[in-house]
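Reading the structure
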Amino acid sequence: MGEKGTKYENDVEKYCNLNDNNSNINGITCALKAKNDPEYFNKIVRKH
C-alpha cells in the first residue's frame, strides 16, 4: 500500500503517521516506508 499505482500512493504520510491515533487505517502505508528506508524501524523506535 502506498506504492505507485496503488490506492494510497498519494497518502503515504497520512496513513503512516506516528502522531495520528484517530484513523483506523493509520499504519497501512508504513511497509512502503520501511521498504524504502533501511533505517525506518530504528528511527521509529528512537522516536517513541
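Refer to the structure presented above.
In this report, we go over the structure that sits alongside the text. (Residues numbered from 1 in each chain as written. Predicted model: local features only at pLDDT ≥ 70, side-chain atom pairs only at ≥ 80, totals over all residues. Heavy atoms only, no water.)

A few words now on the overall build of the chain. When its secondary structure is counted, the chain shows two helices and zero strands. Dimensions of the chain, computed from C-alpha atoms along their principal axes, come out at roughly 30 × 25 × 10 Å. Across the 48 residues that make up the chain, the buried fraction comes to 21%. Residue pairs at least 24 apart in sequence account for 25% of intrachain contacts in the chain once pairs closer than 6 positions are excluded. (Helix = DSSP H or I, 4+ residues; strand = E, 2+ residues; numbered from the N terminus. Buried < 20%, exposed > 50% of the residue type's maximum accessible area, 1.4 Å probe, protein only. Contact = heavy atoms within 4.5 Å.)

Summed over all chains, the structure comprises two aromatic pairs. Pairing tyrosine 8 with tyrosine 15 gives two aromatic rings, centres 5.2 Å apart and planes at 75°, and the pair type is edge-to-face. Here the two residues tyrosine 8 and tyrosine 15 agree in accessibility, since each one is buried. (Phe/Tyr/Trp six-rings, centres within 6.5 Å; stacked < 30°, edge-to-face > 60°.)

The topology assignment puts aspartate 20 in the segment before helix H1 (30-36). Here aspartate 20 sits buried without a salt bridge, and the closest side chain of opposite charge, lysine 14, lies 7.8 Å off (N-O distance). Not counting residues up to four positions away in its chain, the partners in contact with aspartate 20 are Lys14 and Asn26. (Lys, Arg positive; Asp, Glu negative; His and termini not counted. Salt bridge = Lys/Arg side-chain N within 4 Å of Asp/Glu carboxyl O.)

One pass over the full model with this rule turns up one disulfide. Paired through a disulfide, cysteine 16 and cysteine 30 show a sulfur-sulfur distance of 2.0 Å. Linking cysteine 16 and cysteine 30, the disulfide has an S-S dihedral of approximately 110° and is accordingly described as right-handed. Separated by 14 residues along the polypeptide, cysteine 16 in the segment before H1 and cysteine 30 in helix H1 bring together distant segments of the chain. (Disulfide = S-S within 2.5 Å.)

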